Amino acid sequence: MVLTPLPLADATLAFDPHWLDTDEADALHHALLAQIEWEVHRIRLFGREVDSPRLSCWIGDPDAVYRYSGALFEPRPWPEALRPVRDRLARELGGAFNSVLANRYRDGRDAMGWHSDAEPELGPEPVIASLSLGATRRFALKHRQRPEQRLALDLPAGSLLVMAGTTQRFYRHALPRT
């Protein structure tokens, strides 16, 4: 693994554009499309409930219950295809992962607006390992107090972006429509 630190004040970010090679990324992508029970989650936006603009599935250990946008998510069991990924991440990043929010962006209209992964269940300085599969998508970060401090990054298939430390406290991120 060649995780390259990304320079951004108040953030701990690292990126490997080739964490999985092309064949591994394609095989995992096709396996997860078949093995995951994709859902449209309801989220609260500006005081009303709407469909999330992507498909998702909360996956994890039985006790990895998660509250997001007013909804409680009970985890689905780990699909067989994700177990080796989970084990490799734990070895290479030096920590256990008990859950994953799998997100499926069906096309360029699916997106996720500005947010932080700062739910209490994740702890004060969560480690978020984001593995991208399928088409390349744009990922954007901006500082909460200093919006001129920002970063945009293309995430190709097989790439791994790790956000840790105070990143979620000081930054919001988005996957804009493309």
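Placed above this text is the structure.
Worth saying up front: this structure is predicted, and the values here are computed from it rather than measured.

Caption draft 1: Fine view of a negative patch on the surface. There is a patch of like negative charges on the surface, built from Asp-21, Asp-23, Glu-24 and Asp-26. Here Asp-21 lies in the loop between strand E2 (12-16) and helix H1 (22-35). Exposure remark for Asp-21: the relative accessible area of 41% places this residue in the partly exposed category.

Caption draft 2: View of the sheet that holds E2. Pairing within the open sheet is antiparallel, and its four strands lie in the order E1-E2-E13-E10. Strands at the two margins of the open sheet, each flanked by one partner only, are strand E1 (4-6) and strand E10 (128-131). For this sheet, the mean inter-axis angle between neighbouring strands, taken without regard to orientation, is 25°. Pairing of E2 with strand E13 (residues 160-164), which is carried by five bridges, proceeds in the antiparallel orientation. What sits directly across from Thr-12, in E13, is Ala-164.

Caption draft 3: Local environment of the side chain of Ser-99. Topologically, Ser-99 is positioned in strand E8 (residues 99-104). A polar contact is formed between the side chain of Ser-99 and the side chain of Asn-98, at a distance of 3.0 Å. Aside from chain neighbours lying at most four places away, what touches Ser-99 is Trp-58, Ile-59, Gly-60, Ala-64 and Trp-78.

Caption draft 4: Focus on the pairing of E2. Across the five residues of E2, four count as buried, placing the element largely inside the fold. Of the pairings in the sheet, the one linking E1 to E2 comprises three bridges and is antiparallel in character. Bridge assignment links Thr-4 to a residue of E2, and that residue is Phe-15. Hairpin connection from E1 to E2: five residues lie between these consecutive antiparallel strands, with Asp-10 at a positive phi of about 65°.

Thresholds applied
- Residues numbered from 1 in each chain as written.
- Predicted model: local features only at pLDDT ≥ 70, side-chain atom pairs only at ≥ 80, totals over all residues.
- Heavy atoms only, no water.
- Patch = residues over 30% accessible without salt bridge, like charges linked within 9 Å, V, L, I, M, F, W, Y side chains within 5 Å.
- Areas by Shrake-Rupley, 256 points an atom, 1.4 Å probe, with all protein chains shown as cover.
- Salt bridge = Lys/Arg side-chain N within 4 Å of Asp/Glu carboxyl O.
- Lys, Arg positive; Asp, Glu negative; His and termini not counted.
- Charge placed at Lys NZ, Arg CZ, Asp CG, Glu CD.
- Helix = DSSP H or I, 4+ residues; strand = E, 2+ residues; numbered from the N terminus.
- Buried < 20%, exposed > 50% of the residue type's maximum accessible area, 1.4 Å probe, protein only.
- Pairing = 2+ DSSP bridges.
- Axes fitted to C-alpha atoms, helices over the stretch in contact; angles between N-to-C directions.
- Polar contact = N/O pair within 3.5 Å; in protein donor to acceptor, adjacent residues only side chain to side chain.
- Contact = heavy atoms within 4.5 Å.

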